[in-house]
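The primary structure of each chain is shown beneath.
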Amino acid sequence: MTPDDVVAVSVLEQRLFPVDAWPLHMFYDELAQPETRWYLVAEGSDGIVGYAGLMCIEPIADVQTIAVVPEYEGRGIGTTLLTRLVEEAQRRYAVDVLLEVRADNPRAQQLYRRFGFEQIHVRPRYYRDGVDALIMRLQLPGRDGQGSDDRSTEGGRP
């Protein structure tokens, strides 16, 4: 995602999350923090059809947002976006990836469980319309101090 994508992403955000949509400036604010944030978009023939974002402050990564327009659901876009977020979390040496998901969104919960996320907590009435948030965690392999740590090899942080 680049600043040029933000207006289109914001339009989708308002459409997909009318109750809890982020204001436009939030996307710009997120993109302005590349040391801890990473955002991407999925494009189809109609333009941007999905987007996702990650915050990573080692050792924890947090999926800030992930969305796919309904007309493009079931095509693997959400899976691809989440795969890229998890890969970026690993690249940034995260130990865990956390996310919040609406308790009334079984489709998203199923996607996260396929990736190995487990529910660890519930935030009652987290969303503006009173729906609970399920807190889910994915523990990443090889970051517990026992596995290989390639920080000194090519691709590590400066």
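Residues numbered from 1 in each chain as written. Predicted model: local features only at pLDDT ≥ 70, side-chain atom pairs only at ≥ 80, totals over all residues. Heavy atoms only, no water.

A.B. asks: Any chance you could break down the packing of helix α3 (residues 77-91) against helix α4 (residues 106-114) for me, citing the residues and the numbers?
C.D. replies: At a minimum axis distance of 11 Å, the contact between α3 and α4 shows a crossing angle of 50 degrees. By the criterion of interaxial angle, the relationship of α3 to α4 is oblique. You can see that α3 and α4 cross each other, and the crossing is right-handed. Packed against α3, whose contacting residues are Gly78, Thr79 and Leu82, the element α4 presents Leu111, Tyr112 and Arg114 at the interface. (Axes fitted to C-alpha atoms, helices over the stretch in contact; angles between N-to-C directions. Helix = DSSP H or I, 4+ residues; strand = E, 2+ residues; numbered from the N terminus. Parallel < 35°, antiparallel > 145°, perpendicular 65-115°, else oblique. Left-handed = near helix turned anticlockwise from the far one by under 90°. Contact = heavy atoms within 4.5 Å.)

A.B. asks: With reference to specific residues and values, describe the pairing of strand β4 (residues 96-102).
C.D. replies: Extensive coverage of β4 is indicated by the burial of five of its seven residues. As paired strands, β4 and strand β6 (residues 133-139) are joined by seven bridges and run antiparallel to one another. Directly across from Arg102, in β6, lies its bridge partner Ala133. (Buried < 20%, exposed > 50% of the residue type's maximum accessible area, 1.4 Å probe, protein only. Pairing = 2+ DSSP bridges.)

A.B. asks: Tell me what's going on with the pattern of salt bridges, and back it up with residues and numbers.
C.D. replies: In this structure the tally under the stated criterion is nine salt bridges. A salt bridge links Glu88 to Arg91; its shortest N-O distance comes to 2.6 Å. Taken as a pair, Glu88 and Arg91 lie in helix α3 at a separation of three residues, close to a single helical turn. Judged by its relative accessible area of 46%, Arg91 is partly exposed. Salt-bridge contacts for Arg92 lead to Glu88; the nearest nitrogen and oxygen are separated by 2.7 Å. When sorted by exposure, Arg92 lands in the same class as Glu88, which is buried. One connected set of salt bridges, linked through shared partners, spans Asp20, Arg102, Asp104 and Asp129. (Salt bridge = Lys/Arg side-chain N within 4 Å of Asp/Glu carboxyl O.)

A.B. asks: So what's going on with α3? Which residues, and what values?
C.D. replies: Residues lying three or four places apart along an α-helix face the same way, a consequence of the helix completing one turn every 3.6 residues. Over its 15 residues, α3 extends 21 Å from the first C-alpha to the last, a length consistent with the 21 Å expected when each residue adds 1.5 Å. When α3 is considered as a whole, its buried residues turn out to be Ile77, Gly78, Leu81, Leu82, Leu85, Val86, Glu88 and Ala89. Buried residues of α3, viewed axially, fall in a sector of 165 degrees; they line one side. Packing partners of the buried residues in α3 comprise β1 (37-44), β2 (47-57), β3 (60-68), β4, α4 and β6. Tyr93 sits one or two residues past α3 and shows a positive phi near 65 degrees. (Expected span 1.5 Å × (residues − 1). Arc of directions from axis to C-beta.)

A.B. asks: Break down the packing of aromatic side chains for me, with residues and values.
C.D. replies: The final tally for this structure, using the stated rule, is four aromatic pairs. Measuring from ring centre to ring centre gives 6.1 Å for Phe27 and Tyr51, while their planes differ by 85 degrees; the resulting arrangement is edge-to-face. Here the residue Phe27 occupies a position in helix α2 (residues 24-31), and Tyr51 occupies one in strand β2, the gap between them amounting to 24 residues. Taking relative accessible area as the criterion, Phe27 reaches 1% and is therefore assigned buried. Lying across the ring of Tyr127, Arg102 places its NZ or CZ 5.0 Å from the centre. (Phe/Tyr/Trp six-rings, centres within 6.5 Å; stacked < 30°, edge-to-face > 60°. Lys NZ or Arg CZ within 6 Å of the ring centre and 35° of its normal.)

A.B. asks: Describe the environment of Glu100, with residues and values.
C.D. replies: Within the element layout of this structure, Glu100 appears in strand β4. The exposure class of Glu100 is partly exposed, given its relative accessible area of 24%. Residues Glu100 and Gln64, spaced 36 residues apart in sequence, show a C-alpha to C-alpha distance of 8.4 Å. In contact with Glu100, other than residues within four places in its own chain, are Asp62, Arg123, Tyr126, Tyr127, Ala133, Leu134 and Ile135. Only 2.8 Å separates the side chain of Glu100 from the side chain of Arg123, close enough to count as a polar contact. (Polar contact = N/O pair within 3.5 Å; in protein donor to acceptor, adjacent residues only side chain to side chain.)

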